[in-house]
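Reading the structure
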Amino acid sequence: MISHPKVRCYLLRVTDYFAIWLTGWGYFVPPSSLLPTHSDDAFGPLCLSSLCSGLVIAMVVSLIFIVLLRFLAGIMVWVMIVLVILVIGYGIFHCYMEFASLKGEPGADVTIRDLGIQTDFSVYLQIRQTWLAFMIILAIVEVIIILLLIFLRKRLLIAIALIKEASRAIGHVMSSLFYPLLTFALLSVVITYWAITAVYPFMALRYLNAVSCSPPVVHNGLNTPSYETLLVQSNRIPLLSLFQTFNSSNVSAVCPDAECLFAFYGGETVYHRYLILFQFYNVFLFFWCANFVTALGQVTLSGAFASYYWAYKKPDDIPAYPIFSSLGRALRYHTGSLAFGSLILSLVQVIRVLLEYLDHKLKGANNKCAKFMLSCMKCCFWCLEKCIKFLNRNAYIMIAIYGKNFCTSAREAFFLLMRNIIRVAVLDKVTDFLLFLGKLLIVGIVGIFSFFFFSGRIRAVEDAAPSLNYYWVPILTVVVGSYLIAHGFFSVYAMCVDTLFLCFLDDLERNDGSAERPYLMSESLLSLMKKSNEEAKPID
């Protein structure tokens, strides 16, 4: 009896996950085949339609949430603040009750210093001093939050008003909600090109060790050449064809213990020796192109929303096609500024990739000083990347408003924000909370609905639900897709809030409400800031 050859290929593990995903959708993937075969021709479209339906629901819920923010932003923010205060207050009450219940218990009066360091954290919960410390900390946090609300209540109201104004702006520029589709398409092209360029050197194998027979095999009175020799002579055989050739050959009859093992990539040419440098260069180009596409989207959206804010009569003075007009200006006048800002960010990102590469290479080293320095550098460059992203985002907004170069716009945006740092912090946190709540709500609604649908627990649509091998696969697919859709919609909303905020700050500094320099903010913001515009005097 001849045993089957053992084929080992660590590069093909991705196909295992792909096969599992196809199996979850109802496909059957035999172990001997890498291509799925479908059991029912009508089953694939049914699964695809179910998936598309879930993503459409996510899009509709995202639109509804953005519309509701116009009316419920203030209520949601104040409910959140009240809930935080109540939760911390309950924590103080619970700590006091635990502190009181341990009175008179043996060993409860031991101090934390006398107890020392314990691996079991539950030991600390048996002494009164721990609950007293928790109670004091929570009480301090509660007092700080209440004081911040008292002194920052006006800035909080401004943040809520700007969020409501952003909903009105998106209502007048509805095409902005679909601009992320263009960004997604351009990023898909960039990622596809980078992936093909990165994987191409590894698409063909030059050496492969396929036989482990000893002593040499004699077949029909003749010495049989090793299978390794046959493969080396076939230079650059595609990986899939290589293993198909091994499986269809008679090498297992000649050598029952034959194995198909990957040896290594490449060769000895100059190209192969400097392949790692080419890969880093390819990564740099990927970051540069991806950041440029993102910057183009930010400038385009900022220009459209800025045209809404600076319109004297809203919405009559808004351009007919604000998104297309802004995109045309960005491509015609600002590509150099976008490329320069993207270049700065890309250099920092490549340095971070290089540090991760060095960290991977130094994992086996015992030099703690080198590891410490590397960790510090990784932390510093992570912070630097976050700062550059923040500066670039606001610089692109100023570029869209005034059309100046990148450095001038970045300087003006930075000093404008520094002069209003408290307002920036309040608006940023309030907006982040609302967008996080929106993403959580959308993903939760779509995820729960898809669970009941694909598991067949909704009797009204039980017949329409496909019969799947693993219903968690389409549920996870729908959840991830709904998150990406919600992120796309809310990224537009966040860009609108940031643009209107910078316009608002600049409006306060440049204008004074006179007939020559009237404020261009909305009436709600004017009343909130207790400012007004003088009426123009009639000309005799």
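Bear in mind that the values here come from a model prediction, so they are computed numbers and not experimental data.

Its place among the elements puts A320 in the loop between α11 (275-309) and α12 (322-333). Note on A320: relative accessible area 68%, which makes it exposed. Sequence separation of A320 and V173 is 147 residues, and the distance between their C-alpha atoms is 9.5 Å.

Residues shown with low pLDDT carry predicted positions that ought not to be read at fine detail. For the protein, the mean per-residue pLDDT works out to 76, and 73% of the residues sit at or above 70. Under a pLDDT of 50 for its full length, residues 1-43 has, in the predicted model, 68 contacts with residues more than four places off or in other chains. Below pLDDT 50 for its whole length, residues 204-243 participates in 69 contacts with residues either more than four positions away or in separate chains.

UniProt annotation of "transmembrane region" (unreviewed entry) refers to residues 7-28, 48-68, 75-93, 131-152, 173-196, 285-312, 433-456 and 468-490 when read in the numbering used here. Helix makes up 100% of residues 75-93 and strand 0%, and the two end C-alpha atoms of the span are 27 Å apart. Along residues 173-196 one finds 75% helix and 0% strand; the C-alpha atoms at either end are 37 Å apart.

On to the nonpolar core. Side chains that are nonpolar tend, in soluble globular proteins, to be buried together. Among the nonpolar cores identified, the biggest contains 84 residues, and Y493 and F504 are the most heavily contacted of them. Apart from the residues lying within four places of it in its own chain, the contact partners of F504 are I158, L162, Y309, R423, M521, L525 and M529. Counting 7 residues, the second-largest nonpolar core is a separate cluster that includes V283, F286, V293 and V350.

Conventions used here
Residues numbered from 1 in each chain as written. Predicted model: local features only at pLDDT ≥ 70, side-chain atom pairs only at ≥ 80, totals over all residues. Heavy atoms only, no water. Helix = DSSP H or I, 4+ residues; strand = E, 2+ residues; numbered from the N terminus. Buried < 20%, exposed > 50% of the residue type's maximum accessible area, 1.4 Å probe, protein only. pLDDT = per-residue confidence, 0-100. Contact = heavy atoms within 4.5 Å. UniProt positions renumbered as here; feature names shortened; annotations may be inferred. Core = buried A, V, L, I, M, F, W, Y, C linked by side-chain atoms within 4.5 Å.

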